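In case you want the letters, here they are:
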Amino acid sequence: MQLTLVVPELVWPEPDDRHALDALHCPGLNTLIARSRLRRRPPQSLEATLGDAFGLAGNVPYAAFRVLGEADAPSASEGCWLCADPVHLRLHQERLILADGGSLGIALEEAREIVAELNRQFADVGRFHVATADRWYLKLAAETDLGHFDVLPLSAVAGRRVGSQLPETPQARGLRQLLNEVQMVLHGQPANERREAAGQPTINSLWLWGAGALPAAHKANFDGVWASLPLARGLGRASGLVVQQPPENAAVLLARAAAGSRQLLLLDGLQGAVQYEDADAYRAGLHELEARWFAPLQKALAGGAIARLQLHASTAYATLAWESGRGEQWQLWRRPRPLAATAQALARGER
């Protein structure tokens, strides 16, 4: 079996943060990366990293792929789609800071109430859909052409300062006007009034991103995808692959994956901790990944149960890809080093 393992935000972005990085016990991970060949490219989002893995380039319609990966969503086979995710924007030192829906504690009933009002107000523009409490969509008319829609995915701006929400292009002029009107409607929503009275952050804007129509199916370089993230699941389904939830641990994956197959596994549990600078959650998540995945996968690679392993990580330092086979894992002179030392080396631009 060949395994492509995608772990966004694998390395804590502040190399001098001793609380986050000191005394992390992850010998399996440290051994794996010490005895792998590293390729580094400029930083990019998890979404772009997944797009690369599936051989996509250019203006990838992430929204249409994500709709395809949802458990409860309309058909993505026609029309122009956007992710219209609920967010809270607040002004801090003359800069806008964005909190994504996953951090707002939105109830599904609130989401449906608000989206129902948006559909009443903007029926001429398209139709809003709720997949989950924090993942919303906007389906525009089939003939809509937004051109080159250069908006960062929500994962790249959550917990961070943001600038312009939409591109300053003629094609996006209508969307900019729509967003302004949506923000006014959100301001007067009863659901938001209740949230404010309860001391909760309001849903005061949408993050519109990933625009485009679902392209024709194409063949990916995998036989199976293991992921809970809807975008990854949608990319797999669009390629006609078997898509499953990640199993409990590496042993289950090795038992269930066919010999000689090529598998992609996405483990995205560290992303939220890094986005919101929660060092304790990062440490706990990394230790869990070590026990369930990194240590057993390193042993499986060294023992020949896995023929080749690629570890992809979108990080603040760079987009990283470590690749190794069984032989490399027996190069005992390549000594593992603590993850803190790896972070320091990455910050200096070293391999």
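Cut-off values and rules
- Residues numbered from 1 in each chain as written.
- Predicted model: local features only at pLDDT ≥ 70, side-chain atom pairs only at ≥ 80, totals over all residues.
- Heavy atoms only, no water.
- Helix = DSSP H or I, 4+ residues; strand = E, 2+ residues; numbered from the N terminus.
- Buried < 20%, exposed > 50% of the residue type's maximum accessible area, 1.4 Å probe, protein only.
- Contact = heavy atoms within 4.5 Å.
- Areas by Shrake-Rupley, 256 points an atom, 1.4 Å probe, with all protein chains shown as cover.
- Lys, Arg positive; Asp, Glu negative; His and termini not counted.
- Charge placed at Lys NZ, Arg CZ, Asp CG, Glu CD.
- Expected span 1.5 Å × (residues − 1).
- Bend = angle between axes of the 7 residues up to and from the residue.
- Salt bridge = Lys/Arg side-chain N within 4 Å of Asp/Glu carboxyl O.
- Axes fitted to C-alpha atoms, helices over the stretch in contact; angles between N-to-C directions.
- Parallel < 35°, antiparallel > 145°, perpendicular 65-115°, else oblique.
- Nonpolar A, V, L, I, M, F, W, Y, C, P; charged D, E, K, R; others polar.
- Core = buried A, V, L, I, M, F, W, Y, C linked by side-chain atoms within 4.5 Å.
- Pairing = 2+ DSSP bridges.

**A short note on the overall build of the protein chain**
Part 1: Helices and strands together make up the secondary structure of the protein chain, namely 14 helices and 13 strands.
Part 2: By its C-alpha atoms, the protein chain is 65 × 45 × 35 Å across when sized along the principal axes.
Part 3: The burial tally for the protein chain puts 53% of its 351 residues in the buried class.
Part 4: When contacts within the protein chain are restricted to residue pairs at least 6 apart in sequence, long-range pairs at least 24 apart make up 74% of them.
Part 5: Accessible surface for the protein chain amounts to roughly 15,800 Å². Of this, 50% is attributable to carbon and sulfur atoms.
Part 6: Treating the 35 positive side-chain charges of the protein chain as one cloud and the 37 negative ones as another, the clouds have centres 9 Å apart.

**As for helix α12 (residues 279–303)**
Structural remark: α-helix, 3.6 residues per turn; residues separated by three or four positions point the same way.
Part 1: Taking 1.5 Å as the rise per residue, α12 with 25 residues should run 36 Å; its terminal C-alpha atoms sit 33 Å apart, in good agreement.
Part 2: Its axis deflected by about 50° at Glu-290, α12 carries its strongest bend there.
Part 3: After α12 finishes, the residue Gly-304 shows a positive phi value of roughly 95°.

**Brief notes about the pattern of salt bridges**
Part 1: Taken as a whole, this structure holds 15 salt bridges when the rule is applied.
Part 2: Between Arg-37 and Glu-328 there is a salt bridge; the shortest N-O distance is 3.9 Å. Taken as a pair, Arg-37 in strand β2 (residues 37–41) and Glu-328 in helix α13 (residues 326–329) lie far apart in primary sequence, 291 residues in all.
Part 3: Glu-328 is paired through a salt bridge with Arg-308; the nearest N and O atoms lie 3.1 Å apart. Of the two residues, Glu-328 is situated in helix α13 and Arg-308 in strand β12 (residues 308–314); the sequence distance between them amounts to 20 residues.
Part 4: Residue class for Arg-308 comes out partly exposed when judged on its relative accessible area of 23%.
Part 5: Salt bridges sharing common partners tie together Arg-37, Arg-308, Glu-323 and Glu-328.

**As for the packing of helix α4 (residues 62–69) against helix α9 (residues 230–238)**
Part 1: At a minimum axis distance of 6 Å, the contact between α4 and α9 shows a crossing angle of 90°. One finds that α4 runs roughly perpendicular with respect to α9. Contacts between α4 and α9 involve Tyr-62, Phe-65, Arg-66, Leu-68 and Gly-69 on the former and, on the latter, Pro-230, Leu-231, Arg-233, Gly-234, Leu-235, Arg-237 and Ala-238.
Part 2: Partitioned by chemical class, the residues of the contact of α4 with α9 number 7 nonpolar, 2 polar and 3 charged.

**A look at the nonpolar core**
Part 1: Ranked by internal contacts, the top residues of the largest apolar core, which has 69 residues, are Phe-54, Leu-82, Leu-98, Leu-118, Phe-128, Leu-206 and Trp-207.
Part 2: Counting residues per element, this core draws most heavily on strand β3 (residues 80–92), which supplies 7 residues.

**Quick notes on the environment of Asn-59**
Part 1: Relative to the assigned elements, Asn-59 resides in the loop between α3 (46–53) and α4.
Part 2: Using a relative accessible area of 34% as the deciding quantity, one classes Asn-59 as partly exposed.
Part 3: The spatial distance from the C-alpha of Asn-59 to the C-alpha of Asp-150 is 7.9 Å, given a sequence separation of 91 residues.
Part 4: When near neighbours in sequence (up to four residues on either side) are disregarded, Asn-59 contacts Gly-147, His-148 and Phe-149.

**A word on the pairing of strand β4 (residues 95–100)**
Part 1: Pairing geometry for β3 and β4, over 6 bridges, is antiparallel. Along β4, the bridge assignment pairs His-88 with Ala-99.
Part 2: Hairpin geometry of β3 and β4 is characterised by an intervening segment of 2 residues between the two adjacent antiparallel strands and by a positive phi of about 50° at Gln-93.
Part 3: Pairing geometry for β4 and strand β7 (residues 161–162), over 2 bridges, is antiparallel. Bridged to Ile-97 within β7 is Arg-161.

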